[in-house]
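This is what each chain is made of:
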Amino acid sequence: MSRLRSSSLEIKEKGTEFLREQLDAAQKELKLKDEECERLSHVRNQLEQELEELTASLFEEAHKMVREANVKQAAAEKQLKEAQGKIDVLQAEVSALKTLVLTSTPSSPNRQLHPQLLSPGSSRASSRPFGHTRNKSASGALQTEPTNPEKDTVHHDRELDSVLFAEFLSWKECPNLERSSAFISRVYREDIGPCLSFTSAELSQSVQRCVENNSLTIEPVITSSLPTDKNIHQGGTNGCWTPIETKCALSGLTRPCRHRIKLGDKENYYYISLSSRARITAVCNFFTYIRYIQQGLVRQDVQQMFWEVMRLRREMSVAKLGFFHTEHS
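Quick caveat, the model's predicted, so the values are computed rather than measured.

*Asks:* Looking at this structure, I do not really get the overall build of the protein. What am I missing?
*Replies:* Looking only at helices and strands, the protein has seven helices and nine strands in total. Sorting the 329 residues of the protein into buried and exposed places 34% on the buried side. Accessible area for the protein stands at about 20,800 Å²; split by element, carbon and sulfur atoms hold 54% of it.

*Asks:* Teacher, can you tell me more about the pairing of strand E7 (residues 259-263) here?
*Replies:* In regular strands, side chains alternate between the two faces of the sheet. Burial analysis of E7 places five of its five residues in the buried class, which makes it a mostly covered element. The alternating pattern of E7 places His259, Ile261 and Leu263 on one face and Arg260 and Lys262 on the opposite face, and all of these are buried. Looking at chain direction, strand E4 (residues 216-220) and E7 are connected through five bridges and run antiparallel. Within the sheet, the bridge partner assigned to Thr217 lies in E7 and is Lys262. Here four bridges tie E7 to strand E8 (residues 269-272), and the two strands are oriented antiparallel to one another. Residue pairing in the sheet places Lys262 in a bridge with Tyr269 of E8. Between E7 and the antiparallel strand that follows it, E8, lie five residues; Gly264 among them carries a positive phi value of about 60°.

*Asks:* Is there a simple way to explain unusual backbone geometry in this structure?
*Replies:* Across residues other than glycine, the phi torsion is negative in most instances, and most of the peptide bonds are trans. Backbone geometry places Asn214, a non-glycine residue, at a positive phi of 60°. Note on placement: Asn214 falls in the loop between helix H5 (201-213) and E4.

*Asks:* Any chance you could explain the sheet that holds E7 here in plain terms?
*Replies:* Across a sheet, strands are paired by hydrogen bonds formed along the backbone, either parallel or antiparallel in direction. Across the sheet, three strands lie side by side as E4-E7-E8; this open sheet has antiparallel pairing. Pairing within the sheet leaves two strands with one partner each, and these edge strands are E4 and E8. Recorded for the sheet is a direction-independent mean angle of 30° between the axes of neighbouring strands. Helix-sheet contacts for helix H6 (residues 274-294) involve E4, E7 and E8, and the interaxial angle to E8 is about 110°.

*Asks:* For this particular structure, what's the right way to read the nonpolar core?
*Replies:* When a protein is soluble and globular, its nonpolar side chains tend to lie buried together. In terms of nonpolar packing, the biggest core is built from 46 residues, with Phe183, Ile192, Val207, Leu216, Ile280 and Phe286 touching the most fellow members. For this core, the secondary-structure elements that each account for two or more residues are helix H3 (162-173), helix H4 (182-195), H5, E4, E7, E8, H6 and helix H7 (302-320). Considering each element in turn, this core owes the most residues, ten residues, to H6.

*Asks:* Sorry if this is basic, but what is going on with the side chain of Ser276 here?
*Replies:* With respect to the helices and strands, the residue Ser276 is situated in helix H6. A residue is classified by how much of its surface remains accessible, and Ser276, at 2% relative accessible area, is buried.

Criteria and cut-off values
- Residues numbered from 1 in each chain as written.
- Predicted model: local features only at pLDDT ≥ 70, side-chain atom pairs only at ≥ 80, totals over all residues.
- Heavy atoms only, no water.
- Helix = DSSP H or I, 4+ residues; strand = E, 2+ residues; numbered from the N terminus.
- Buried < 20%, exposed > 50% of the residue type's maximum accessible area, 1.4 Å probe, protein only.
- Areas by Shrake-Rupley, 256 points an atom, 1.4 Å probe, with all protein chains shown as cover.
- Pairing = 2+ DSSP bridges.
- Axes fitted to C-alpha atoms, helices over the stretch in contact; angles between N-to-C directions.
- Contact = heavy atoms within 4.5 Å.
- Core = buried A, V, L, I, M, F, W, Y, C linked by side-chain atoms within 4.5 Å.

Dropping the structure here:
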């Protein structure tokens, strides 16, 4: 019995010692795992913090890039708008210059009557209130009516016609050259048609079409080299000289023809008298100014525009009656 008891105690002690060793090993392993978990938790926290910082940085960078892109886009759109505005202005100026230049060649530069639009604040505008004038050329150019009030010996009172002004205001809202407009239709009926109505009806219609299309060429004739043979017809070609006294192609009357016209790109020239040229020039003046208004180049109030249009209409009426000015008159 004593042996059994001692064996049992011994087994019990060994079992207890074994269990204690197992427990110590388990505790050590658990401690290691706790340390590993703590380390991994620390790493996770560090990674989460770095991820948050990286995300915030990326968002900030993205917002910065978006802001910069928006600023650049706004600047580009502004530059594009400014460039388009400059292009429109340049196109309008080029178109306006085309309306000014009737013809110009290296051997005979054009010095035809050039209208000039004056801004209301300029010194020239103060002396020429309507802002649209033509200068004389060096070749006996015409001016249908003096535009400088200081040189005009006749002073006219004026009163605004409500019907004419209303028609002009309606046209001014959407300026064009269509005859459907009451304003343009009236000018054609009362001024342009009668002013360009010559004896040669067919040629008159061709001249009117070219004036409307801005394709009419008027140039002075060099008289110093002209022959005295009066049998040369009025519709000669480019190389045909015409005497000073010859038949006007439009009126059919024998008159001093110091200018000639060409219709579009046709080769034939037609020699015209001073009176015929004055009538054509008066209509060209009107179309030039109307095109300036249409292109937005006239910097005046609407009443100043209206009175300038009335002055140009008066030029056409006066020219139709046979009155015109030369640089020697």
